[in-house]
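Listed here are the chains, written in short residue letters.
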Amino acid sequence: MLPRVSSSLRRTISSAAMSPAVARSLPLAANPAAVTGVVRSFSKPSLVSLPPSRLPIFSSGAEDFCPGFYGSWRSLGSPRSLFGGCFAILRGFRKTRGRSPAKKQPSKEKELELNVRICLEEEMPDDPEALNIAEMLRLDAPMAMKVAFDGLKDWQYKTRDAAIDDVGKFEKVELSVLLCNDDFMRKLNKDWRDEDHTTDVLSMSQHIPEIELPILMLGDIVISVETAARQAEERGHSLLDEIRILMVHGLLHLLGFDHEISDEAEAEMEKEEELVLQSLGWKGKGLIQSAYDAMNDGKLKTKSDGQASDDKKERSLRFYRPKFSYIFCDMDGTLLNSKSQISRGTAEALREAMSRGVKIVIATGKSRSAVLDAFRMVDLVGKEGVVSESSPGVFLQGLLVYGRQGREIFRRNLDPDVCREALLYSWEKKVPLIAFSQDRCLTLFDHPLVDSLHTVFHEPKAEIIPSVENLLTAADIQKVLFYDTTEGVESSLRPYWAEAIEGRAGVVQAQPDMLEIVPVGTSKGSGVKVLLDHLGITAEEVMAIGDGENDVEMLQLASLGVALANGSDKAKAVANIIGVTNDEDGAADAIYRYAF
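Residues numbered from 1 in each chain as written. Predicted model: local features only at pLDDT ≥ 70, side-chain atom pairs only at ≥ 80, totals over all residues. Heavy atoms only, no water.

Caption draft 1: Highlighting the overall build of the chain. A tally of regular secondary structure across the chain gives 17 helices and 23 strands. Each of the 596 residues in the chain was classed as buried or not, and the buried ones make up 55%. When the accessible area of the chain is evaluated, it comes to approximately 25,000 Å², of which 49% is carbon and sulfur surface. (Helix = DSSP H or I, 4+ residues; strand = E, 2+ residues; numbered from the N terminus. Buried < 20%, exposed > 50% of the residue type's maximum accessible area, 1.4 Å probe, protein only. Areas by Shrake-Rupley, 256 points an atom, 1.4 Å probe, with all protein chains shown as cover.)

Caption draft 2: Local environment of unusual backbone geometry. Positioned with a positive phi, Asp 194 is a non-glycine residue whose angle comes to about 60°. At Asp 379, a residue that is not glycine, the phi angle is positive and equals roughly 55°. Mapped onto the elements, Asp 379 comes out in the loop between α9 (368-376) and β12 (393-395). Under the relative-accessibility criterion, Asp 379 is labelled exposed at 62%.

Caption draft 3: The pairing of strand β10 (residues 326-329), seen in detail. Here β10 shows no split at all, with Tyr 326 and Phe 328 on one side and Ile 327 and Cys 329 on the other all buried. Pairing of β10 with strand β11 (residues 359-362), which is carried by four bridges, proceeds in the parallel orientation. The partner of Ile 327 across the bridge, within β11, is Ile 360. For β10 and strand β21 (residues 542-546), the ladder comprises four bridges, and the chain directions are parallel. Bridge assignment links Ile 327 to a residue of β21, and that residue is Met 543. (Pairing = 2+ DSSP bridges.)

Caption draft 4: Broad picture of the sheet that holds strand β22 (residues 560-564). Strands sit in the order β11-β10-β21-β22-β23 across an open sheet of five strands; the sheet is parallel. What marks the edges here is a single partner per strand, and that holds for β11 and β23 (577-579). Neighbour-to-neighbour, the strand axes of the sheet open up by a mean angle of 25°, direction not taken into account. In the sheet, β22 pairs with β23 via three bridges, with the strands oriented parallel. Bridged to Leu 564 within β23 is Gly 579. (Axes fitted to C-alpha atoms, helices over the stretch in contact; angles between N-to-C directions.)

Caption draft 5: Main features of the pairing of strand β19 (residues 505-508). Across four bridges, the pairing between β19 and strand β20 (residues 514-519) is antiparallel. Within β20, the position partnered with Val 508 by the bridge is Glu 516. Count of turn residues in the β19/β20 antiparallel hairpin: five residues.

Caption draft 6: Seen up close, the pattern of salt bridges. All chains considered together, the criterion is met by 23 salt bridges. Here Arg 351 makes a salt bridge to Glu 348, at a shortest N to O gap of 3.0 Å. In this pair, Arg 351 and Glu 348 both sit in helix α8 (residues 344-355), three residues apart, roughly one turn of the helix. What makes Arg 351 partly exposed here is its relative accessible area of 29%. We classify Glu 348 as partly exposed; its relative accessible area is 29%. A salt bridge links Lys 479 to Glu 516; the shortest N-O distance between them is 2.5 Å. (Salt bridge = Lys/Arg side-chain N within 4 Å of Asp/Glu carboxyl O.)

Caption draft 7: Broad picture of helix α14 (residues 524-535). Here α14 contains 12 residues, and its C-alpha end-to-end distance of 17 Å stays within 8% of the 16 Å for a straight helix at 1.5 Å per residue. Those residues of α14 not exposed but buried are Lys 524, Gly 525, Gly 527, Val 528, Leu 531, Leu 532 and Leu 535. Around the axis of α14, the buried residues are gathered within 155° of arc, so they sit on the same side. Backbone geometry just after α14 places Gly 536 at a positive phi near 70°. (Expected span 1.5 Å × (residues − 1). Arc of directions from axis to C-beta.)

Caption draft 8: Quick peek at the sheet that holds strand β15 (residues 433-437). Reading across the sheet, the six strands line up as β17-β16-β15-β18-β20-β19 and stay open at both edges, with mixed pairing between neighbours. Strands at the two margins of the open sheet, each flanked by one partner only, are β17 (463-464) and β19. Pairing geometry for strand β16 (residues 440-443) and β17, over two bridges, is parallel. Bridging from a neighbouring strand, Leu 442 pairs with Glu 463 of β17.

Caption draft 9: Geometry of the packing of helix α4 (residues 225-235) against helix α5 (residues 239-254). At a minimum axis distance of 8 Å, the contact between α4 and α5 shows a crossing angle of 115°. With respect to each other, α4 and α5 are oriented roughly perpendicular. Pair α4 / α5 crosses with right-handed handedness. Of α5, the residues touching α4 (which contributes Val 225, Ala 228, Ala 229, Gln 231, Ala 232 and Arg 235) are Leu 239, Glu 242, Ile 243 and Leu 246. (Parallel < 35°, antiparallel > 145°, perpendicular 65-115°, else oblique. Left-handed = near helix turned anticlockwise from the far one by under 90°. Contact = heavy atoms within 4.5 Å.)

Caption draft 10: Spotlight on the environment of Gly 403. Here Gly 403 is to be found in the loop between β13 (400-402) and β14 (408-411). Residue Gly 403 is classed as buried on the basis of its relative accessible area of 0%. Sequence-wise, Gly 403 and Ser 390 are 13 residues apart; in three dimensions their C-alpha atoms are separated by 8.3 Å. Beyond its immediate chain neighbours, meaning those up to four positions away, Gly 403 contacts Ser 391, Pro 392, Ile 409, Leu 531 and His 534.

Caption draft 11: Molecular detail of the confidence of the model for the chain. Confidence in the prediction for the chain averages 78 pLDDT; 76% of positions are at 70 or higher. Looking at the elements of the chain, mean pLDDT is at its lowest for strand β4 (residues 57-59), recorded as 25, and at its highest for β10, recorded as 98. Below pLDDT 50 for its whole length, residues 298-315 participates in 41 contacts with residues either more than four positions away or in separate chains. (pLDDT = per-residue confidence, 0-100.)

Here it is as structure tokens:
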């Protein structure tokens, strides 16, 4: 016999106490058709009428959507006839059991109506795969019920609770299946089991043996699609396969199986799971065996208390609700890797986040034209992309801020005297300098490092104006940038300029080999604050990702600040989270892990 799987794997909430639990978790109006704000009901009941001894005929046609989830069985009227469409006769479900054929029943035997509702919790995204799976379950759930009911006729299990021993004595069987997010499942666990974590499936029995009714209110099966998606990936099968496995597991709990009470009970429930799955021809092992294999192999990242893994995989991101409305992202060293490119993985993460309704806002020391050029390479420019000339953003270290419709809402220019001193220093010392004026770059002489700002860092090609006075009159300058070796910046440039312009301007480093001089009292963080105020955004709605010392204030301002591992010590010191490096798609990893 296999060792028992952890008792925290699955739970069954059974007994009459579940009725108030359901009412509290999913409040219903007196009129089920008026239910709003809790679940999105996927379909009307999948109604299947069948004699207890006959194999069922299931319709593949579609009906209108049903009005509610828990408790909405009260709205059902008289049994409905099978609706039109293609019919599939399902034969020999339980051949693996080796049972003798059931005796032929009289033709006038009353028929058992299987009434199944499949619903999506309100906060679930309108994901095509989830909707398709919900549609599949309209047929799958009655099929699984019929197979499981057949197994009750001559079951020989010692540990099963026999409160439901003969479904043939009922006129109708009610079952609801709800697909939800982890947060919803966590709330159910916390409210009714006093356990503050999510699980993949919960079974909620509504059957009260002491009350004789013509309707068997079998109960409700709640499945977290988020956890199912992770487990499907870890176990190597499709999301539909995993949800079918979870549904079978939950159904068997409702029929009295409980793997938690003993090793023998676990083995018996495991056997029944596999028999049902095999009878239906569904892929995958039973949930108990799958979980045992995964834990034995060290693959399943679920904690021993049943809490789902925090590893949010790319393919399951679509099932997560955003925790933040906005993600403010730096460019160099964050969204851009060491080759100054946006990787395919990072681009996909940004697309996924935007598809979930999250707005990506760029906050960078770069010019807007440089940002547009970088995103153009991954087809993320324009109305449906991350940036455009009509999108908000913070550029040039917060010295240029664009708001709604891309309109300029803030600009700050460098003191002309400070700018002149920097230009004269560059000319005399032959240290390359670039002056930024909105979307223009100006310089005094040609230099390979100046060229690299365009060829590598996407900035506009620098215009050479070989005169300090002419350059000063050519345009308003927001900032200047010295380009040197890392050693030259640290040992010479930074100490000199920090002292020379004290009180009149400030110095900032976004890259180790660059030193920027900016107007006093300004920063990327102050630019972000201007934009938040303009858009009416609170810090609680914002996640920020950066790496440099110029990102410090932005990381502090956000509700969650993530500094990448390649970042400066100053950035990492103030961040809530330290992620992986930009060359490991650190921004994408942060989005998948923490934004949802």
